[in-house]
Amino acid sequence: MKRNQILTILSIILLFLFLWYANNNLSAYYIRILNNTAIFLMLAASYNLINGVTGQFSLEPNGFTAIGAYTAAILTLTPAQKEAMFIISPMVPWLQNLHMSFFPALIVAGIVTAIVGFLLGFPVFRVRGDYLAIVTLGFGLTIRVVSNNTISITNGPLGLKGIENYTNLWWTWGFAVVTLIIIMRLINSEFGRAMKAVRDDEDAAIAMGINTFKIKMIAFVTSAFFEGVAGGLLAHLITTISPTLFTFFLTFNLLIIIVIGGLGSMTGTAIATILVVWGSEILRFVEQPMHIFNFTIPGIPGMRMVIFSILLIVIMIFAREGIMGQKEFSWDSLFKLFKTKKVANK
Amino acid sequence: MNTVLKCNKMTMKFGGLTAVNEFSVEIPEKEIFGLIGPNGAGKTTVFNMITGNLQPTSGMIYFYDKPIVGLKPYQVVSLGMARTFQNIRLFTNLSVLENVLTGFHHKLKYNLLDTILRLPRFSKNEKIMTEMAMDLLESVNLQDKANHKASELPYGDRRKVEIARALATGPKMLLLDEPAAGMNPQETMSLMYFIEEIRDKFDLTILLIEHDMKFVMSLCKTIAVLDHGVKIAEGKPEEVQKNPDVIRAYLGDINA
Ligand SMILES: Nc1ncnc2c1ncn2[C@@H]1O[C@H](COP(=O)(O)OP(=O)(O)OP(=O)(O)O)[C@@H](O)[C@H]1O
Ligand SMILES: [Mg+2]
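Conventions adopted
- Residues numbered from 1 in each chain as written.
- Chains lettered and ligands numbered in written order.
- Predicted model: local features only at pLDDT ≥ 70, side-chain atom pairs only at ≥ 80, totals over all residues.
- Heavy atoms only, no water.
- Donors = N, O, S within 2.8 Å, 3.2 Å for Na, K, Ca; no water.
- Helix = DSSP H or I, 4+ residues; strand = E, 2+ residues; numbered from the N terminus.
- Buried < 20%, exposed > 50% of the residue type's maximum accessible area, 1.4 Å probe, protein only.
- Contact = heavy atoms within 4.5 Å.
- Axes fitted to C-alpha atoms, helices over the stretch in contact; angles between N-to-C directions.
- Parallel < 35°, antiparallel > 145°, perpendicular 65-115°, else oblique.
- Left-handed = near helix turned anticlockwise from the far one by under 90°.
- Nonpolar A, V, L, I, M, F, W, Y, C, P; charged D, E, K, R; others polar.
- Near = heavy atom within 4 Å.
- Polar contact = N/O pair within 3.5 Å; in protein donor to acceptor, adjacent residues only side chain to side chain.
- Areas by Shrake-Rupley, 256 points an atom, 1.4 Å probe, with all protein chains shown as cover.
- Expected span 1.5 Å × (residues − 1).
- Phe/Tyr/Trp six-rings, centres within 6.5 Å; stacked < 30°, edge-to-face > 60°.
- Lys NZ or Arg CZ within 6 Å of the ring centre and 35° of its normal.
- Buried area = accessible area lost by both parts, 1.4 Å probe.
- Salt bridge = Lys/Arg side-chain N within 4 Å of Asp/Glu carboxyl O.

Turning next to the coordination of the magnesium ion (ligand 2). Around a metal, the ideal angle is 109.5 degrees if four donors adopt a tetrahedral arrangement and 90 or 180 degrees if six donors adopt an octahedral arrangement. All names here are of chain B. The protein atoms that coordinate the magnesium ion (ligand 2) are T44 (OG1) and Q86 (OE1), at distances spanning 1.9 to 2.1 Å. Here T44 is found in helix α1 (residues 43–50), whereas its partner Q86 is found in the loop between β6 (81–83) and α3 (96–102), with 42 residues between them in sequence. Relative accessible area serves as the criterion here: at 25%, T44 is assigned to the partly exposed category. Residue classification places Q86 among the partly exposed positions, given a relative accessible area of 32%.

Before going further, it helps to examine the environment of E60 of chain A. Residue and element names in this part refer to chain A. Looking at the secondary structure, you find E60 in the loop between α2 (28–53) and α3 (61–76). The exposure class of E60 is buried, given its relative accessible area of 1%. When the C-alpha atoms of E60 and M303 are compared, they prove to be 24 Å apart, with 243 residues separating the residues in sequence. Each residue touching E60, except ones within four places of it in the same chain, is listed here: Y47, I50, T136, F220, S223, E227 and T251.

This paragraph deals with the packing of α2 of chain A against helix α9 (residues 169–187) of chain A. Residues and elements named next belong to chain A. Where α2 contacts α9, the axes come no closer than 9 Å and their chain directions differ by 20°. Here α2 lies roughly parallel to α9, going by the angle between them. Note that α2 runs across α9; the crossing there is left-handed. Only L169, T172, W173, F175, A176, T179, L180, I183, L186 and I187 of α9 make contact with α2, whose side of the interface consists of I31, L34, N35, T37, A38, I39, L41, M42, A45, S46, L49 and V53. Looking at the contact of α2 with α9 residue by residue, the classes come out as 17 nonpolar, five polar and no charged.

Residues and elements named next belong to chain B. With respect to the helices and strands, the residue N125 is situated in helix α5 (residues 120–139). You can call N125 buried: its relative accessible area is 8%. With residues near it in sequence (within four places) discarded, N125 still touches K109 and Y110.

All names here are of chain B. Taken together, 13 residues lie near ligand 1, and G40, K43, T44, T45 and Q86 sit nearest. With respect to ligand 1, the backbone of G42 contributes an N or O atom lying 2.9 Å from an oxygen atom. Separating an oxygen atom of ligand 1 from a side-chain N or O atom of T45 is a distance of 2.5 Å. Coverage of ligand 1 by the protein chains reaches 62% of its 630 Å² of free accessible surface. Those elements giving two or more residues to the shell around ligand 1 turn out to be β2 (17–28) and α1.

On to the side chain of T179 of chain A, then. Residue and element names in this part refer to chain A. Relative to the helices and strands, T179 resides in helix α9. When its relative accessible area of 0% is taken as the criterion, T179 is described as buried. Those residues in contact with T179 that lie beyond four places of it in its chain are M42, S46 and F226.

Another point: helix α1 (residues 2–25) of chain A. Between its terminal C-alpha atoms α1 of chain A stretches 35 Å, which fits the 34 Å expected from 24 residues at 1.5 Å a residue. Those residues of α1 of chain A lying buried are N4, L19 and A22 of chain A.

The next point concerns the packing of aromatic side chains. Taken as a whole and assessed by the stated rule, the structure comprises 18 aromatic pairs over all chains. Ring geometry for F64 of chain A against F220 of chain A: centres 5.6 Å apart, planes inclined by 50°, an arrangement best described as tilted. Of this pair, F64 of chain A sits in helix α3 while F220 of chain A sits in helix α12 (residues 212–238), and the two are 156 residues apart along the sequence. Ring geometry for F191 of chain A and Y110 of chain B: centres 6.1 Å apart, planes at 70°, overall edge-to-face. One end of the pair, F191 of chain A, is in helix α10 (residues 190–200); the other, Y110 of chain B, is in the loop between α3 and α4 (112–117), on a second chain. Grouping residues by exposure puts F191 of chain A and Y110 of chain B together as buried. Taking NZ or CZ as reference, R126 of chain A lies 4.0 Å from the ring centre of F213 of chain A, over its face. One cation-aromatic arrangement involves R165 of chain B over F91 of chain B; the distance from NZ or CZ to the ring centre is 4.6 Å.

Residue and element names in this part refer to chain A. Here I153 is to be found in helix α8 (residues 151–154). Among the residues examined, I153 registers a relative accessible area of 33% and is labelled partly exposed. A sequence separation of 113 residues divides I153 from F40, and the C-alpha atoms of the two residues are 27 Å apart. In contact with I153, not counting residues within four places along its chain, are I74, F86, M91, V92 and L95.

Quick look at the interface of chain B and chain A now. Listed as interface residues are 32 residues of chain B and, on the opposing side, 26 residues of chain A. Of the roughly 2,600 Å² buried between chain B and chain A, counting both surfaces, carbon and sulfur atoms make up 64%. Three residues stand out in chain B for area buried against chain A, namely Y74, F91 and H105 of chain B, and they jointly supply 23% of the buried area on that side. At the junction of chain B and chain A, the tally comes to three salt bridges. For D203 of chain A, the salt bridge is made with R89 of chain B, and the minimal N-O distance between the two is 3.2 Å. On inspection of chain B and its partner chain A, the count reaches 11 residue pairs in polar contact (both at pLDDT 80 or more). Those elements giving two or more residues to the side of chain B that touches chain A turn out to be α2 (73–79), α3, α4, α5 and α6 (155–168) of chain B. Looking at side-chain class alone, the side of chain B that touches chain A contains 16 nonpolar, 10 polar and six charged residues.

Inspection of every chain in the model, using the stated rule, returns 19 salt bridges over all chains. Here D203 of chain A ties to R128 of chain A by a salt bridge, and the two come within 3.4 Å at their closest N and O atoms. With D203 of chain A in helix α11 (residues 202–207) and R128 of chain A in the loop between α6 (102–126) and α7 (132–149), this residue pair connects regions lying 75 residues apart in the sequence. The class for D203 of chain A is partly exposed, based on a relative accessible area of 23%. Overall, R128 of chain A belongs to the partly exposed group, its relative accessible area being 46%. The partner of D203 of chain B in a salt bridge is K30 of chain B, and the shortest N-O contact between them spans 3.4 Å. With D203 of chain B in the loop between α7 (185–202) and β8 (205–209) and K30 of chain B in the loop between β2 and β3 (32–36), this residue pair connects regions lying 173 residues apart in the sequence. Overall, K30 of chain B belongs to the partly exposed group, its relative accessible area being 32%. Each of R128, D201, E202, D203 and K216 of chain A together with R89 of chain B takes part in one network of salt bridges that share partners.

Set out below in structure tokens:
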């Protein structure tokens with residue numbers, strides 16, 4: 001018990017030493033990808049909590065990330081910036097004058113998104129059946145139309161510009177680590193067991209005295225909170241957000257990550273996030289024009305999505321469990337692995 | 001003697017089909033009560049109504065004199081009623097131990113904050129729950145398989161885990177839906193002793209559905225017979241066995 005805690009703390013220190021090194025030595029391009037990795041890790045872990053652990057098929061990430069991004073951005077933009085930016089129609093006064101520093105803005109972004117999650121989840125989880133996917137999909141589409149039209153809140157199609165570039169490796173990885181710790185602690189508790197029970201057999205879970213409505217709400221609202229915070233981090237990384245930014249592709253990407261990693265496994269999610277985020281950078285070349293001998297193949301934007309879609313289909317057919325299945329990494333299993341290796345070597 | 005469960009003209013209609021028709025029964029404390037009947041007679045439906053999985057179309061159910069119609073299943077569980085399923089329903093991806101632990105869920109003594117901050121209340125109660133779950137596993141002789149995945153166990157063991165999980169909820173009454181189904185004669189025998197044992201150890205009142213006649217006849221003090229949703233007989237095993245209506249119901253079932 002003690003040993004494992006020390007090892008976990010050591011690896012987190014090691015991670016931050018690496019980030020410190022990266023921050024001082026790597027180019028802006030790589031730092032950007034490292035930031036993206038952390039944000040995707042937060043999103044994928046949250047997404048896996050509701051989909052993989054609790055087994056409630058949901059398509060919420062793009063909508064919820066949008067809510068978090070807009071909320072945080074509106075809060076950190078100064079009143080003067082907002083006045084200058086809202087040229088079609090002035091911002092509603094109480095929002096216009098609301099201003100916060102970065103950290104509280106992220107927390108409020110998380111809370112606002114959690115409230116949205118609560119309001120969506122409440123009617124959906126009251127009834128049995130797979131309505132969550134359709135409701136969250138609809139919500140993701142609606143949020144785009146709404147942000148386009150609530151001009152005095154979101155500045156409509158013009159979006160928000162000049163958001164301060166607060167997000168750095170410390171913020172993204174700090175939040176990613178905290179998110180993972182909280183989600184893992186939730187999973188390794190009676191709440192987590194109940195979530196998995198709901199996933200495995202909802203009727204039996206009910207018969208065991210589990211309030212399945214409450215358990216689903218806890219999972220969904222927790223996911224929503226961290227997706228909102230991740231949205232806020234994203235907004236302060238790219239500094240410009242608009243309604244077209246948060247498309248279904250984001251959700252699709254995350255779906256691929258959690259399926260590759262293994263539905264229900266946070267270890268798998270971490271591995272798959274790294275594979276997909278870095279893989280899609282490496283695969284950038286497939287969208288560039290290519291010259292093979294005398295032929296020129298024009299670049300096809302979206303080609304990477306096609307590759308990932310094919311990958312998803314292949315996994316669904318040949319490796320349903322993903323990389324980790326539902327297993328998690330643990331120090332004990334690592335030591336056991338070494339021990340059996342040693343025995344085998346003798 | 002105290003009446004634990006009282007059903008009064010309990011009826012369940014599925015569209016045009018009356019699965020259970022005005023079923024009434026009274027079960028006294030610490031009794032092992034048998035519910036038998038041909039396939040599709042409505043036995044499982046009776047269970048589902050008692051546990052709150054189905055809302056009866058009409059009729060009343062009292063558990064220790066408290067009306068329980070309209071309560072959610074998890075509320076019925078917290079009143080002290082636990083069940084097993086006809087087709088074993090374990091949480092297949094959880095370990096045997098975790099399956100039993102879910103039974104403690106409704107009296108969980110720590111909250112989300114304790115969980116996230118790993119406050120002393122969390123660790124203390126996890127430890128207590130694990131110990132109690134191990135005790136229950138020991139009473140079904142499965143302590144060695146605590147960390148196996150539930151889906152890895154042989155059939156008979158899965159039945160026992162399901163019963164241990166039901167016991168974890170701290171029931172006063174236990175509903176067993178065909179507990180001996182799929183068991184060989186030896187397993188059935190040991191299950192019989194086991195059921196009597198837990199009845200005495202945990203002070204339970206037991207209502208069980210079973211097709212195995214020998215099993216029901218030797219274990220139950222009173223038997224009710226259901227046919228096409230109607231109770232056609234009730235009484236001591238030897239009386240029920242001789243009842244012409246019951247014989248007809250079963251023979252008719254065979255000829256059909
Ligand atoms: N949820 C439901 N919706 C519609 N019909 C149902 C439902 N549940 C049960 N029935 C019907 O009610 C009747 C009684 O079913 P029930 O499962 O209670 O029988 P049973 O006595 O348990 O039978 P068995 O011995 O086969 O388990 C059957 O005709 C069944 O098809
Ligand atoms: Mg049945």
